[in-house]
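Letter by letter, the chains look like this.
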Amino acid sequence: MKRNLLLLIVLVFTLFSCGVNPVTGRKQLNFVSESEIFPQSFAAYNKVLNTEKVSKNKAQVKQVKRVGKKIQKAVEKFFVELGYPHMLDNYKWEYSVIESEQLNAWCMPGGKVAFYTGILPVCKNDEGVAVVMAHEIAHAIASHGAERMSQTQVQSAIGAVGSIVMGVYGTKSEYQELVLQAYGVGSQVGMLAYSREHESEADEMGIIFMSLAGYNPKVAPQFWKRMQAKSNGGQTPEFLSTHPHPKTRIDDLNKMMPYAIDAYKTGNAKKYLKYRKK
Ligand SMILES: [Zn+2]
């Protein structure tokens, strides 16, 4: 009986919170609100920077910040075009470089970005950094991690009779740990991985964002080819987990290419937004 009641609560929650995400245009399960997740995300980000070795390589730090700010501006512009000019009002953008051989990068809720030094040679230049930056920011903006957290909450609620949906993660540090896992931060194997659907969405939006920022989108398929060659056999938390087959990924990116090139040339996403409405 108690269990049924709990399932009912979950169902009601689902009905009310499974709204259409304006960014992805897809119905998403989302229990996690910005006001709930952002403070935890910011605290978790500071914790990561305090524990990891932050790079002092000025050229690398400058590069990541330079590209990050351009992508940020492009994303802000995109939301104005989409009709949601206040979507990013609570973001506190920040870009860091962490000393680590991992081929990894991530963006946490509210615009907290980190690149690991290991991925920079694969990026090669600003355009390569832009491919990764735009992909990671797309994950954050599409609330992919929040969606995964919500799914985890539902699973926990169903599994643990007696716990209330929102009360599953009692302490702040447990919650922060969940944010870190949900957004691909960390080095542990077995952490939550983005689904293929999330990856495709991040690729699609990423290539549009980088183009709007003035980076040539033709670089994107080339970067993923280099990444594939590099990461064979290795473990890369964000990038190797459940990423689409490289050929599928490159085919998909090439499918987006006409819209990306249009965004690159015109500086607006009109053609892409028209395609999305279809
Ligand atoms: Zn990804």
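Scroll up to find the structure this text is about.
Residues take numbers from 1 onward in each chain, read along the sequence in its written order. Predicted model: local features are reported for residues with pLDDT of at least 70 only, side-chain atom pairs are reported and counted for 80 or more only, and whole-chain, interface and lining totals are derived from all residues.

A word on the overall build of the chain. Looking only at helices and strands, one finds eleven helices and five strands in the chain. Residues with at least 20 neighbouring C-beta atoms inside 10 Å of their own are called buried, those with 12 or fewer are called exposed, and the rest are partly exposed, where every C-beta is derived from the backbone. Counting only residues that meet the buried cut, the chain has 40% of its 278 residues in that class. Any two residues are considered in contact once their C-beta atoms, placed from the backbone, lie within 7 Å. If you take every contact in the chain between residues at least 6 apart in sequence, the share linking residues at least 24 apart comes to 73%. Strands here mean DSSP runs of E at least two residues long; helices mean DSSP runs of H or I at least four residues long; both are numbered from the N terminus.

Examined against the element boundaries, Phe223 turns out to sit in helix H9 (residues 219–231). Once the C-alpha coordinates of Phe223 and Val122 are considered, the two residues, 101 residues apart in sequence, prove to be 7.4 Å apart. With residues near it in sequence (within four places) discarded, Phe223 still touches Cys123, Gly128 and Val131.

Here the focus is the nonpolar core. To define a nonpolar core, we join buried Ala, Val, Leu, Ile, Met, Phe, Trp, Tyr and Cys residues through C-beta atoms within 7 Å and take the resulting set. Residues Ile71, Ala130, Ile137, Ile208 and Phe209 are the most contacted members of the largest nonpolar core, which totals 66 residues. No other element matches helix H5 (residues 126–141), which puts ten residues into this core. Leave out the neighbours within four places in its chain, and Phe209 touches Ile71, Ala74, Val75, Phe78, Ala134, Ile137 and Ala138.

A pair of strands is treated as paired once DSSP finds two or more bridges between them. One open sheet accounts for three strands, arranged S3-S5-S4; its pairing is mixed. In the strand order of this sheet, the two ends are held by strand S3 (94–98) and strand S4 (105–108), each with one partner. The mean inter-strand angle of the sheet, taken between neighbouring strand axes irrespective of direction, is 15°. Where S3 meets strand S5 (residues 112–116), five bridges bridge the pair, whose relative direction is parallel. When the bridges of S5 are listed, Ser96 appears paired with Ala114. The strands that H5 touches are S4 and S5; relative to S4, the one it contacts most, it runs at about 35°. For helices, the axis comes from a line fit to the C-alpha atoms of the stretch in contact; other axes are also lines fit to C-alpha atoms, and the angle between any two N-to-C directions lies between 0 and 180 degrees.

Looking now at the packing of helix H10 (residues 246–266) against helix H11 (residues 270–277). Close contact between H10 and H11 brings their axes to 7 Å; oriented N to C, the two are set at 145°. Residues Tyr259, Asp262 and Ala263 of H10 form the contact with H11, whose participating residues are Lys271, Tyr272 and Tyr275. Partitioned by chemical class, the residues of the contact of H10 with H11 number four nonpolar, no polar and two charged. Ten residue types, Ala, Val, Leu, Ile, Met, Phe, Trp, Tyr, Cys and Pro, are classed as nonpolar, four, Asp, Glu, Lys and Arg, as charged, and the remainder, Gly among them, as polar.

Once that is clear, we can look at the pairing of S4. Alternating positions in S4 separate into two faces, Ala105 and Cys107 on one and Trp106 and Met108 on the other, with burial throughout. Two elements, S4 and S5, share four bridges in a ladder whose sense is antiparallel. Looking at the pairing, Cys107 lines up with Val113 of S5. The hairpin turn running from S4 into S5, its antiparallel successor, is three residues long, and Gly110 in that turn takes a positive phi close to 85°.

Two numbers describe how helix H8 (residues 196–212) lies on H10: the axes approach to 9 Å, and their chain directions differ by 30°. Overall, the two elements H8 and H10 adopt an arrangement that is roughly parallel. In the crossing of H8 with H10, the sense of the turn from one axis to the other is right-handed. Between H8, through Ser200, Asp203, Glu204, Ile207, Ile208, Ser211 and Leu212, and H10, the contact on the second element is made entirely by Arg249, Asp252, Leu253, Met256, Tyr259, Ala260, Ala263 and Tyr264. Among the residues forming the contact of H8 with H10, the class breakdown is nine nonpolar, two polar and four charged. Note that the term roughly parallel is reserved for angles under 35 degrees, roughly antiparallel for angles over 145, roughly perpendicular for angles of 65 to 115, and oblique for everything else. Whether a crossing is left-handed or right-handed is set by the direction in which the near helix is turned from the far one by less than a right angle, anticlockwise for left-handed and clockwise for right-handed.

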